[in-house]
Structure formats: structure tokens, C-alpha cells
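An overview of the molecular structure
Each chain, written out:
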Amino acid sequence: MFMRNLMTRMFFVQYFFFFFQAEDGIRDAQESRGLGDVYKRQAQDLGPVDAVRGLHARTAKQVMVELPDEQDVYALLRRVKREHANVIGDLAECCEGFTSWSQLQLQELLRLRVGIHTLMSHAVASQSQEPGRQGLVHTPLNVRRVLEVAVQDASHLCDRVYGEAPQVQLLGADKTKFEYFQEHVYFVVFELLKNAMRGTAEAHKATMSPIEIRVVQQDDWSIAFSISDTGVGMDLETLRNAQAFGFTTAAEISARDRSPMAGFGYGIPLSRIYCEYMGGGLEMVSQGSVGTTCVFEFHNETENF
């Protein structure tokens, strides 16, 4: 038991340090390493940049210098999670206005961040004795409940912005038995559903057509979802751009006045990263003035971890 805990601690420490160094751009000064490249190219408005950079520098120091005792390592993980809760938004502000040169860096950086966040959350959750869970994994996942919470949260935002929200039909959600990370499924469904509601509200201002969420599970190791709307839709160019970090069809406004239904343009590409975390994926089909369908899968085969 002691050796297993020791190896676990060392794994987390080494992995965290690699991540925070990669974000801070100090692993390889000759090549672009995540945020390091953004720091060097951002000439004005250094507030968000310096805040994010300073946060990760402090965390890297804490992880390596303040190596806690075995029982305290989880307190460190909880603190890191809290301190880094808003990093995605700050990062998005840092990178606003950058073009395709940063897409690969952002994808690699955020893919690593998703992995780190999942490991931290799993380690913290492993201290709980909640029935039906093994760390962050729900065994099995209550798919209907996750969908209902995502629908409720997205509908609340839509109602705030547009005065009402479209109805959502859930199909096949009761015929599943799947072990997976609830946080990942919720994030993807919420982000894509928020887009579907916005497109529906803007296309049907009088009477909103319902949105359909369909769930299909064909085996024990994969589960598929589709979210279909009859909203404004997208042409091919917009569809391609929508899958890039930082792209949004919302009007260009300041971050302070940004609508809760349209953020920094990270929802779709981040959703793809979450789906791909264990070997799944996400695809979108859309047609202007007709609507959009998002199809995505989650896999739970251990060899994909």
C-alpha cells in the first residue's frame, strides 16, 4: 500500500510539473510551448497574460517545492483545482485576435489540461466513499439525470437571454448502462445544447421548434449521442470555422458584455477534446436555415486511457 501511494504521488508530481512547465513555455525556449508562445507575441493588455502565467509559475513551484505528506497531497490537488478554475476564460482572453498559428498550440495545451484536470478530479474523488462511484467514474452513469441537469442549466441561460427556451426531447436515455466520467458528458452536452438553443431562438423568434437529444448504446464500451435542432444552421465555411478555438458567430463585444449563450468560441473544440479523451469523437453536420446535428461518442476502453 505504501509503495503504491508513493508511486501515485510521484506520478502526479511529475505529470503536474510537466504540464505547468509546458503551459509556461519553459521546457524548450527554442520552440513554441503552449502559453509561452502566446506570452511572447502578446504586446498589449498584459493583464490576463501575466495573471495566467503567474498562476502557473506559482503552481509549478508549489508542486515541486512544497511536496506534501501523503495525506496532504489531496489538499494540494483541491487547492490547485480551485485556483485554476477560471484559466480557460483567461486563456481565451489572452488569445483573442490570434489566427491559425495558435490552433495547434491551443489544442495540445488544452488536451493536456483536460488530462490533468481529470486526473486531479479522480484523485480527489477517490477519497469519497459515495456509492456508485469509483473516483470520478460513475458505475454506472445515470445518463438521463446528466441530460436533465444539462437541459435545465442551458434552458435557464436561454430564458435569461431570449425570454424563453425551446423544449428538449430526450430519446433513449433510459436504455443505457455505461461507466464513465459524469463531468465530461455534462460539459459536452451543455455546451452543444447551449449552441442549439441559441440557433433555435434566433431562427424561430415566434414559436421555437423542439431540440432532440438521442442516446444509443450498442455495447458496453461506447455510447453515442446526437443533438439536432432546426435553428439558423451554418454554411460549410462557418461549419469549418466553428470547430476552431476562438471562433464565434456572436457579435464582437467586450468580455464584460458577452452573452452567457455565446462565450469565447471554445465550447465546440473543447467538447471534441473531451470526447476524444478515451477514444471517442465528435462530428457536426449543418445547413444554413435548416439546422445542425452534432453526433458524439464516449468510449471507456481502458487501453484508450
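Up top is the structure these notes are about.
Report on the accompanying structure. Owing to the predicted nature of the structure, the values given are computational and were not obtained by experimental measurement. (Residues numbered from 1 in each chain as written. Predicted model: local features only at pLDDT ≥ 70, side-chain atom pairs only at ≥ 80, totals over all residues. Heavy atoms only, no water.)

1. A short note on the side chain of D229
With respect to the secondary-structure elements, D229 resides in strand β6 (residues 222-229). We note that D229 is buried and unpaired, the nearest opposite charge coming from R198 at a distance of 10 Å. Looking at D229, its side chain comes within polar contact range of the main-chain nitrogen of G231, at 2.8 Å. If near-sequence neighbours (up to four positions away) are discounted, D229 is found in contact with A196, T200, I211, V290, G291 and T292. (Helix = DSSP H or I, 4+ residues; strand = E, 2+ residues; numbered from the N terminus. Buried < 20%, exposed > 50% of the residue type's maximum accessible area, 1.4 Å probe, protein only. Lys, Arg positive; Asp, Glu negative; His and termini not counted. Salt bridge = Lys/Arg side-chain N within 4 Å of Asp/Glu carboxyl O. Polar contact = N/O pair within 3.5 Å; in protein donor to acceptor, adjacent residues only side chain to side chain. Contact = heavy atoms within 4.5 Å.)

2. What about the packing of helix α4 (residues 73-83) against helix α6 (residues 103-125)?
It is at 9 Å that the axes of α4 and α6 come closest, and there the two elements cross at 135°. In terms of their interaxial angle, α4 and α6 are classed as oblique. For the pair α4 and α6, the sense of crossing is left-handed. Contact with α4, carried on its side by Y74, L77, R78, V80 and K81, involves H117, M120, S121, A123 and V124 of α6 and no other residues of that element. In terms of residue class, the contact of α4 with α6 is built from six nonpolar, two polar and two charged. (Axes fitted to C-alpha atoms, helices over the stretch in contact; angles between N-to-C directions. Parallel < 35°, antiparallel > 145°, perpendicular 65-115°, else oblique. Left-handed = near helix turned anticlockwise from the far one by under 90°. Nonpolar A, V, L, I, M, F, W, Y, C, P; charged D, E, K, R; others polar.)

3. Quick word on the pattern of salt bridges
For the coordinates displayed, the defined rule picks out eight salt bridges. R79 serves as the salt-bridge partner of E83, at 4.0 Å between the closest nitrogen and oxygen. Placement of the pair is E83 and R79 together in helix α4, with a separation of four residues, close to one helical turn. For E83, a relative accessible area of 35% puts it in the partly exposed group. Its salt-bridge partner being D174, residue R144 comes within 2.6 Å of it at the nearest N-O pair. Highlighted residues: R144 in helix α7 (residues 143-162) and D174 in the loop between β3 (168-171) and β4 (178-181), separated in sequence by 30 residues. On the basis of relative accessible area, R144 is assigned to the partly exposed category, the value being 25%. Among the ionic contacts, a cluster of salt bridges with common partners joins R144, E148 and D174.

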